[in-house]
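# A closer look at the structure
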Amino acid sequence: MDNKKVTFNLRFAEINVSKYSQFDLEKEFNKDEKPFIEFQSNFQFKVLEKEEKLVCIVSVELIIIETKEVFAELKVENIFNIMPFDDVVKSESDDSYNIPNPVLHNLFSLSISTFRGILSEKLKGTIAQNEVYPLINAAAILKNKE
């Protein structure tokens, strides 16, 4: 994409928790050791061209470091309206799109913040209620995906 300036409007269309599971732990572990949870994250982007929407999907497994057991998993689909869609999202083929990095950065940052809040609420009353999903460097993640 050329380096012309693109102005766009972005807003949430929907936020869907498409998966949440919390598991019983088989073994005891030391809750005083910090951090005791590892967050294994996966990020995906989708284009819903006919609906003129962009989707950022955040999936995370919470793993107890000491026992390697999965404690919980959460998947959140953040769906955005973006206008003007055709000026921002350029179709390159049937399943390939060119989207400017500032747009992806915004989608990613908003999605991570939303995910963090949902996870915090889901973990209330559990052994992981004081664990906070770590800060993520969106620029570094997106640079690695180029």
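The structure this text deals with has already been given above.
First things first, this report covers the structure right here in the doc. (Residues numbered from 1 in each chain as written. Predicted model: local features only at pLDDT ≥ 70, side-chain atom pairs only at ≥ 80, totals over all residues. Heavy atoms only, no water.)

### Side note on the overall build of the protein
Quick note on the threshold: Helix and strand assignments come from DSSP, with helices taken as H or I runs of at least 4 residues and strands as E runs of at least 2, each series counted from the N terminus. Buried, partly exposed and exposed residues are distinguished by accessible area as a fraction of the type maximum, computed with a 1.4 Å probe on protein chains only: under 20%, between the cut-offs, and over 50%, respectively. Where accessible areas are quoted, they stem from the Shrake-Rupley method and a 1.4 Å probe; at the residue level, only the protein chains shown are allowed to cover.
Across its full length, the protein holds three helices and six strands. The helix and strand sequence of the protein, counted from the amino end, reads β-β-β-β-α-β-β-α-α. For the protein, buried positions account for 36% of its 146 residues. With the model as given, the accessible surface of the protein reaches about 9,000 Å², and the carbon-plus-sulfur share is 45%.

### Observations concerning the nonpolar core
The criterion, for reference: Nine residue types can take part in a nonpolar core, namely buried Ala, Val, Leu, Ile, Met, Phe, Trp, Tyr and Cys, and a core is a set of them joined through side-chain atoms within 4.5 Å.
Among the nonpolar cores identified, the biggest contains 22 residues, and Leu 62, Phe 115, Leu 119 and Tyr 133 are the most heavily contacted of them. If you list the elements that add at least two residues to this core, you get β2 (37–48), β3 (53–64), β4 (70–83) and α2 (101–123). Of all the elements, α2 adds the most residues to this core, at six residues. Counting residues in each nonpolar core, the second largest holds 11 residues, with Leu 54, Ile 82, Leu 107 and Leu 142 among its members.

### Some details on the pattern of salt bridges
Pairing is possible between side chains that carry opposite charge, provided their charged atoms lie close to one another. What counts here: A pairing counts as a salt bridge when a side-chain nitrogen of Lys or Arg comes within 4 Å of a carboxyl oxygen of Asp or Glu.
Overall, the coordinates contain two salt bridges when judged by the stated rule. Note that Lys 19 and Glu 73 form a salt bridge whose closest N and O atoms lie 3.5 Å from each other. Here the residue Lys 19 occupies a position in strand β1 (residues 9–22), and Glu 73 occupies one in strand β4, the gap between them amounting to 54 residues.

Nothing here speaks to function; it is all geometry.
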